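Residue-level listing of the chains:
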Amino acid sequence: MEKLKCASFFAGVGGIDLGFEQTGGFKTIYANEFDPYPAETFKKNFPNVDVIVQNINDIKEDNVPDHDVLLAGFPCQAFSVAGYRQGFDDKKGRGELFFQLARIIAKKKPSIVFLENVKNLVGHDNGNTFQVIIESLKAEGYHVKYQVLNAMEYGNICQNRERIYIVGFRDKAQYQRFVFPMPIPLTSTLSDIIDFEEKKDDKYYYIDGKYKGDIYQKLVAAIDDPSAVYQWRRKYVRKNKSGVVPTLTANQGEGGHNVCIIKTKHGIRKMTPEECFYTQGFPKSWKLPDNMADSRLYKQAGNSVCVSVIERIAEEILRAVNG
Ligand SMILES: C[S@@+](CC[C@H](N)C(=O)[O-])C[C@H]1O[C@@H](n2cnc3c(N)ncnc32)[C@H](O)[C@@H]1O
């Protein structure tokens, strides 16, 4: 069967694209992302995709190729509790980016739209923001279903990451057949994504005197559980639930803040950027650009999606399409 063609917006490194492609039923043919750094990572892993590095505001609908499925994990800062709490009024205009997407959907009319965002999108502005999004899709002729799924319950990945997934179908029968995946047991463990054995580059380790203040002493005092992931939260060490990585965020690593810290046999260290990508369900074959700063890679991993959850939803979309 011919693969369904996908166009990807706010594409980042392509986590959504990867999840869809892993089903074998979809192929990304076009991607738009305005930050050249994630775009570079995208190109490295999808060398045949035309990645347009441009602001979506400047994308002309006529230049977007016809596609069956539109994919978009639009920026969440405008909607996130951790963000500015301003939604569509976000002074940096990020809330309005949804309307750029709506403009492209209205013109290209893909059969299916797939959107991903932070869980809090639903409650933002007493539900008004979410209602506007759903009503805009309905006005364009889509039948819409949505659900919040946690990566550790639906993706067999030990990350506590709740995200909302919105799926719209133009075809009512497909919409009626579509169901979100069922929860699955969490059988994967931290050692599937974190390498506790191998010595990593020195730069990832905390040693006495390396950082200002008493971070090292506080870490040594607090880290007592080798099956837990810790975070440095500006002034204190936070222990997360054993066996699970906390939600990776885009700002992890900035000023050492929020970065995930573990105890290994070679010492206390940060999780590496590769390990952060594995925590999002990226395969070991995933490539990172040479010589890209870790801070950029941490941001890309935190901004991305749990690939295995996306893959499971994409399988259900395929099932609904194929009847
Ligand atoms: C939440 S991330 C999506 C990440 C993606 N799902 C992935 O797997 O990597 C949102 C992305 O939108 C991009 N972005 C933000 N504003 C944009 C704009 N005006 N035009 C194009 N891309 C934009 C950001 O650079 C970021 O990579």
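On a predicted model such as this, the values are computed, not experimentally measured, just so you know. (Residues numbered from 1 in each chain as written. Predicted model: local features only at pLDDT ≥ 70, side-chain atom pairs only at ≥ 80, totals over all residues.)

A few words now on the pairing of strand S4 (residues 69-72). Side chains Val69 and Leu71 of S4 all project onto a buried face; the interleaved residues Leu70 and Ala72 project onto the opposite face, where all are buried too. Across 4 bridges, strand S1 (residues 4-9) lies against S4 in parallel orientation. When the bridges of S4 are listed, Phe9 appears paired with Ala72. Relative to strand S5 (residues 112-118), S4 is paired through 4 bridges, and the arrangement is parallel. Each residue of the ladder has a partner; that of Ala72, found in S5, is Leu115. (Buried ≥ 20, exposed ≤ 12 C-beta atoms within 10 Å, placed from the backbone. Helix = DSSP H or I, 4+ residues; strand = E, 2+ residues; numbered from the N terminus. Pairing = 2+ DSSP bridges.)

This part takes up the site of the ligand. Around the ligand, the surrounding shell holds 22 residues, and the nearest of these are Phe10, Gly12, Gly15, Phe34 and Gly73. Partitioning the shell around the ligand into residue classes produces 11 nonpolar, 9 polar and 2 charged. (Near = placed C-beta within 6 Å. Nonpolar A, V, L, I, M, F, W, Y, C, P; charged D, E, K, R; others polar.)

Domain boundaries in the protein chain define domain 1 (4-187 + 304-322) and domain 2 (191-301). In this complex, domain 1 contributes 21 residues to the contact, which on the side of domain 2 involves 19 residues. Put simply, the parts of the chain that give the side of domain 1 that touches domain 2 at least two residues each are helix H2 (36-45) and helix H11 (307-322). A total of 6 residues in the side of domain 1 that touches domain 2 trace back to one element, the largest contributor, which is H2. (Domains from an automatic or database assignment. Contact = placed C-beta atoms within 7 Å.)

Another point: helix H3 (residues 97-108). Note: α-helices contain 3.6 residues per turn, so residues at a spacing of three or four share the same orientation. Helix length check: H3 (12 residues) gives 17 Å between terminal C-alpha atoms against 16 Å at 1.5 Å per residue, within 8%. Taken together, the buried positions of H3 are Leu97, Phe98, Gln100, Leu101, Ile104 and Ile105. The arc that holds every buried residue of H3, seen down its axis, measures 155 degrees, which confines them to one face. Here the buried face of H3 lies against S1, S4, S5 and helix H4 (128-139). One or two residues past the end of H3 sits Lys109, with phi positive at roughly 45 degrees. (Expected span 1.5 Å × (residues − 1). Arc of directions from axis to C-beta.)

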